[in-house]
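Below are the chains, spelled out letter by letter.
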Amino acid sequence: MCDQRIIRFLGVGVHDGNVLNGPGPVWVELKRRGYEVTVCLQKGYSAADSYRNKSSVHRLLGSLDVRCFERFPEAGFLSCYNAVVSAMSPLSYSMETNVAGFCNGYARYSKRPLFVVEDTVSARRNGSWSDFVSDHDRVKALYAPVSANGHVGCREVVVGPMVMNRWRGVNVEELARTARQKLGISDAPVLYFSPSPEKEGGEAFVKLATLIKDDRGTKVPDNAVFLLNRHRRELTQPVEGNGQRYAWGQRILMQAGFRVIDNSPEFGDIGQGDIRCIMPECRPPDFLTYPEMLVVTHGNGVAVSFFSTDVLMVAPHLPGIAPVLWLDEELGGAVLLREKHMKCFADLHAVIQPTRNESLMSAIGIGFGRTGARSVYCTALSKAFPFPTSDPVQTICDDILRQMD
């Protein structure tokens, strides 16, 4: 029999990024405040793999009661918990949405308050989550990194990007300087590309490499350094052909005379017989951390992606960083349309979001300062995305506990 005097929370997650940059820190803070927290991770996906391998998810959740299931046991499992705090992974069906259904009374006795935490812009459009958040009664509160234009549905509480907590007190300019020292690139301009873990990610890299090769010396400086960071999810969920695509794209750039650095730390131990390995000529002298990869573009470079957390969520808030969200209709735009059913990030209106080759190269030219518009762009970003002054974790926990009173 459960002791009903104790508030017990159930956390649910599937993908590591959605957990780490979403509800994960909230679960830890609820535990720190003295509440009981059990976390369920879905086997076969990156959050459970990271926990099992004692990687980033384990480092975050090591103090909690964590259980890994192939599927959620049953609605009755919720009977000893007072509320659910869930991640919002991009799957049409997952343990997250399965539990969300139970919370909403698919089984009468399992009805529980459901709180969801967006790790990134428009995560509410992931999979079948849009069905839950569009209804006022199905989600108790949605904690969002930015305010969604025209959101109609459950209560939205805008708390700022969770990932920005890592940047409190960080001197961006100094971090950029030390990152450049680690790579030995002095003041060379840098193009940082962080693809998503789909076929389109590898295809986009080859296309970008070709565009840069053809543009050398115009919008792309002759001495530019190309910094690649492949998504770690491709280690656990490989994409057929992407190993060859990344290798080919790097060769295109090297043949054009650019220095290429494959700063994909999770791929560093893969042997040379594996097509996914880091080529010796592209291996960095020392791997940069995720923050360093982004800020190495500070003041003299551009960060390009279509679904990377650092480029999508962090870059607009940091001084001197020029992000570009590349939404080519067949590549990044296709992934965005498939996963979130939209053509651009309307809630990131100040961020450059090119769809065509010409507009992409113009945006890259801005990032490299070739058009004189870089400082204007960064100033516009800082006005649209001021650094969050409050800790979103504390705000979320305070709000959840108020709702539980």
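This text goes with the structure placed above it.
These numbers were taken from a predicted model, which means no experiment stands behind them. (Residues numbered from 1 in each chain as written. Predicted model: local features only at pLDDT ≥ 70, side-chain atom pairs only at ≥ 80, totals over all residues. Heavy atoms only, no water.)

K.L.:
Please give an account of the sheet that holds strand β5 (residues 114–117) that cites residues and values.
P.N.:
Across the sheet, which stays open at both edges, the 7 strands sit in the order β3-β2-β1-β4-β5-β6-β7 with parallel pairing between neighbours. The sheet is open, and its two borders are formed by β3 (65–69) and β7 (156–158), each paired with just one other strand. The mean inter-strand angle of the sheet, taken between neighbouring strand axes irrespective of direction, is 20 degrees. Most of the contacts of helix α5 (residues 95–103) go to strand β1 (residues 8–13), to which it runs at about 140 degrees, and overall it touches β1, β2 (36–42), β3, β4 (83–86) and β5. (Pairing = 2+ DSSP bridges. Helix = DSSP H or I, 4+ residues; strand = E, 2+ residues; numbered from the N terminus. Axes fitted to C-alpha atoms, helices over the stretch in contact; angles between N-to-C directions. Contact = heavy atoms within 4.5 Å.)

K.L.:
Account for the nonpolar core, with residues named and values stated.
P.N.:
If you look at the biggest cluster of nonpolar residues, it comprises 78 residues, and the most contacted ones within it are Leu191, Phe193, Phe226, Phe345 and Ile364. With 7 residues, the top contributor of residues to this core is helix α8 (residues 199–215). Excluding residues that lie within four positions of it along the chain, Phe226 makes contacts with Leu191, Phe193, Phe205, Leu208, Ile212, Leu253, Arg259, Val260 and Ile261. In terms of nonpolar packing, the next biggest core, distinct from the first, is built from 32 residues, Val57, Leu61, Val66 and Met162 among them. (Core = buried A, V, L, I, M, F, W, Y, C linked by side-chain atoms within 4.5 Å. Buried < 20%, exposed > 50% of the residue type's maximum accessible area, 1.4 Å probe, protein only.)

K.L.:
Hey, could you go over the packing of α8 against helix α14 (residues 357–367) for me, with residue numbers and the actual values?
P.N.:
In the contact formed by α8 and α14, the axes pass within 11 Å of each other and the chain directions differ by 70 degrees. Relative to α14, α8 is oriented roughly perpendicular. Pair α8 / α14 crosses with right-handed handedness. Along its contact with α8, which presents Lys207, Leu208, Leu211, Ile212 and Asp215, the element α14 presents Asn357, Leu360, Met361 and Ile364. Grouping the amino acids of the contact of α8 with α14 by side-chain chemistry returns 6 nonpolar, 1 polar and 2 charged. (Parallel < 35°, antiparallel > 145°, perpendicular 65-115°, else oblique. Left-handed = near helix turned anticlockwise from the far one by under 90°. Nonpolar A, V, L, I, M, F, W, Y, C, P; charged D, E, K, R; others polar.)

K.L.:
Describe the packing of aromatic side chains, naming the residues involved and giving the relevant values.
P.N.:
Aromatic ring pairs: the centre-centre distance and the angle between the two ring planes describe each pair. Tallied over the full model, the rule gives 12 aromatic pairs. Consider the rings of Phe193 and Phe205, whose centres lie 6.2 Å apart with planes at 10 degrees: the pair is stacked. Within this pair, whereas Phe193 is found in strand β8 (residues 190–194), its partner Phe205 is found in helix α8, the two being separated by 12 residues in sequence. Assigned by exposure class, Phe193 and Phe205 land together as buried. With a centroid separation of 6.0 Å and an interplanar angle of 80 degrees, the aromatic rings of Phe307 and Phe345 are classed as edge-to-face. Of this pair, Phe307 sits in the loop between β11 (301–305) and α12 (309–314) while Phe345 is found in the loop between α13 (332–340) and α14, placing the two residues 38 residues apart along the sequence. Given a relative accessible area of 17%, Phe307 falls into the buried group. Among the aromatic residues, those joined into a ring-pair cluster are Phe69, Phe72, Phe77, Tyr81 and Phe102. Taking NZ or CZ as reference, Arg216 lies 4.9 Å from the ring centre of Phe258, over its face. (Phe/Tyr/Trp six-rings, centres within 6.5 Å; stacked < 30°, edge-to-face > 60°. Lys NZ or Arg CZ within 6 Å of the ring centre and 35° of its normal.)

K.L.:
Which residues make up the pattern of salt bridges, and what values go with them?
P.N.:
Scanning all chains against the criterion turns up 20 salt bridges. Close ionic contact of Arg230 with Asp262 constitutes a salt bridge, the shortest N to O distance being 2.7 Å. Pair noted here: Arg230 is in the loop between β9 (225–228) and α9 (233–236) and Asp262 is in strand β10 (residues 259–262), with a separation of 32 residues, a long-range link. Taking relative accessible area as the criterion, Arg230 reaches 2% and is therefore assigned buried. Of the charged contacts, one joins Arg276 and Asp274 as a salt bridge, the two residues approaching to 3.1 Å between their closest N and O atoms. Judged by relative accessible area, which is 24%, Arg276 ranks as partly exposed. We classify Asp274 as partly exposed; its relative accessible area is 25%. Through salt bridges that share partners, Glu29, Arg32, Arg33 and Asp398 make up one connected network. (Salt bridge = Lys/Arg side-chain N within 4 Å of Asp/Glu carboxyl O.)

K.L.:
Before we move on, could you go through the state of the cysteines and cite the residues and values that matter?
P.N.:
Scanning the entire structure with this criterion turns up 0 disulfides. Counting only cysteine sulfurs, Cys68 is the nearest neighbor of Cys40, a cysteine outside any disulfide, at a range of 8.7 Å. The thiol of Cys277 is unpaired, and the distance to the nearest cysteine sulfur, on Cys282, comes to 10.0 Å. Judged by relative accessible area, which is 10%, Cys277 ranks as buried. (Disulfide = S-S within 2.5 Å.)

Keep in mind that these numbers describe shape and distance, not what the molecule does.
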